There are 2 protein chains.
Amino acid sequence: MPDTGPGRDWTDPACPVARTVDLVGDRWSLLIVRDAMDGPASFTELRQGLGIARNILSDRLRRLVEHGVLSTSPSGKRHVYELTAAGKDLFTAIVALRQWGERHAFADGEPRSHLLDAEGRPVVELRPHGQDGTPLTADTTRVQKSGRDR
Amino acid sequence: MPDTGPGRDWTDPACPVARTVDLVGDRWSLLIVRDAMDGPASFTELRQGLGIARNILSDRLRRLVEHGVLSTSPSGKRHVYELTAAGKDLFTAIVALRQWGERHAFADGEPRSHLLDAEGRPVVELRPHGQDGTPLTADTTRVQKSGRDR
DNA sequence: TCCATTCGGTTTCAAAATGAAACCATTGAA
DNA sequence: TTCAATGGTTTCATTTTGAAACCGAATGGA
């Protein structure tokens, strides 16, 4: 596990939301990961697809590799960036953000892209559930602090 | 719907992921929303809970209100910030980020908070599904561009 | 073989965002 | 009526971002 121990200073060390935001919660990282979901990508492919400045892309790729979200060919050669298992696992979070955007960030009739399954049908909307299958909201859940510290 | 039409310039206008990131994808916004999930909160409560600078909090609250994520008392009085329906709907996305963080951003044994349902059981892990119930990944889905433009 | 081009960056520098601290106008309680 | 707390805004230094120029190592074509 890369760089999760002490030494790094988290916005809120015990909160998994804050840690995730610390790692990928900037203007570009999640979009890089989104594009990498389509398969391994080169520096220039990512740069052109995103319209990101070279130095920023360079920095973000380094960070994402350091944090175990992307991997890249061993060294020195023509690099190709590819999602690790942890990176691929961001799929769910990206889908959640996408679905929120679809519901709340488009005016009626504005053109948008759609996420479809292999048969061309839209992906079902994500919803948190309890273990008995009941849908959950913020009102029906609570955050239990870390155990040791309270 | 606040501020989604032309006039605003999006990182990637047709992509719901990019729009969501444009609206709440900075270092603080999602954490403000996370804290607001516990119920209406005042400026100072949020500030103390997050350790955010006053001017930045002020700016983020203004943005979140403008974008319809938070609401606040009509004007001039002691403000209380409260999630709108769109804000509450970010619950799913925050849970997805939380669960990714739990899986990938903690070393073994590091203390962390947990999200529990009303009976104190952990929330089930989110997973995208197709309409026939099959689990989906990036490899078994595709993004269809906006229709009009290709 | 030479030359041009592409790739994957780094460096430089200006502009924008962030954050700490000071300041200020209301509110409400003593 | 004074005093402290709230909910900010302003100021200014530091950090981050981004555009552009630069650079060395591979390709690739004549």
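See the structure printed just above.
The text that follows walks through the structure, step by step, so that each part is easy to find. (Residues numbered from 1 in each chain as written. Chains lettered and ligands numbered in written order. Predicted model: local features only at pLDDT ≥ 70, side-chain atom pairs only at ≥ 80, totals over all residues. Heavy atoms only, no water.)

### Description of the protein's contact with DNA strand D
Around DNA strand D, a shell composed of 16 residues is seen, among which N55 of chain A together with T44, R54, S58 and Y81 of chain B lie nearest. Contact distances for DNA strand D include 2.7 Å between a base nitrogen and a side-chain N or O atom of N55 of chain A. Those elements giving two or more residues to the surface near DNA strand D turn out to be α4 (54–66) of chain A together with α3 (43–50) and α4 (54–66) of chain B. (Near = heavy atom within 4 Å. Polar contact = N/O pair within 3.5 Å; in protein donor to acceptor, adjacent residues only side chain to side chain. Helix = DSSP H or I, 4+ residues; strand = E, 2+ residues; numbered from the N terminus.)

### With respect to the environment of P13 of chain A
The residue P13 of chain A is located in the segment before α1 (16–24) in this model. Relative accessible area serves as the criterion here: at 46%, P13 of chain A is assigned to the partly exposed category. Separated by 87 residues in sequence, P13 of chain A and W100 of chain A place their C-alpha atoms 26 Å apart. When near neighbours in sequence (up to four residues on either side) are disregarded, P13 of chain A contacts R19 of chain A together with F106 and P111 of chain B. (Buried < 20%, exposed > 50% of the residue type's maximum accessible area, 1.4 Å probe, protein only. Contact = heavy atoms within 4.5 Å.)

### Regarding the protein's contact with DNA strand C
Taken together, 17 residues lie around DNA strand C, and T44, R54, S58 and Y81 of chain A together with R60 of chain B are the ones closest in. Note that a phosphate oxygen of DNA strand C is positioned 3.0 Å from one of the side-chain N or O atoms of W28 of chain B. Elements represented by at least two residues in the surface near DNA strand C include exactly α3 (43–50) and α4 of chain A together with α4 of chain B. The class makeup of the residues in the surface near DNA strand C is 5 nonpolar, 6 polar and 6 charged. (Nonpolar A, V, L, I, M, F, W, Y, C, P; charged D, E, K, R; others polar.)

### Some words on the packing of α3 of chain A against α4 of chain A
Residues and elements named next belong to chain A. Axis separation between α3 and α4 bottoms out at 11 Å; the angle between their running directions is 120 degrees. The orientation of α3 with respect to α4, classified from their angle, is oblique. Considering how the two elements wind past one another, α3 and α4 form a crossing that is right-handed. Taking contact as the criterion, the partners of F43, L46 and R47 in α3 are, on α4, R54, L57, S58 and L61. A class-by-class count of the residues in the contact of α3 with α4 yields 4 nonpolar, 1 polar and 2 charged. (Axes fitted to C-alpha atoms, helices over the stretch in contact; angles between N-to-C directions. Parallel < 35°, antiparallel > 145°, perpendicular 65-115°, else oblique. Left-handed = near helix turned anticlockwise from the far one by under 90°.)

### Points about the relation of the copies chain B and chain A
For these two chains of identical sequence, chain B goes onto chain A by a turn of 180 degrees and a shift of 0.0 Å along the axis, with RMSD 0.0 Å. Those values place the two copies in the arrangement expected of a two-fold rotation axis. In terms of C-alpha distance to the rotation axis, chain B has D26 of chain B as its closest residue, with the C-alpha 2.6 Å off the axis. Both copies share a contact surface, since 100% of the interface residues of chain B are interface residues in chain A too. (Least-squares fit on C-alpha atoms with pLDDT ≥ 70 in both.)

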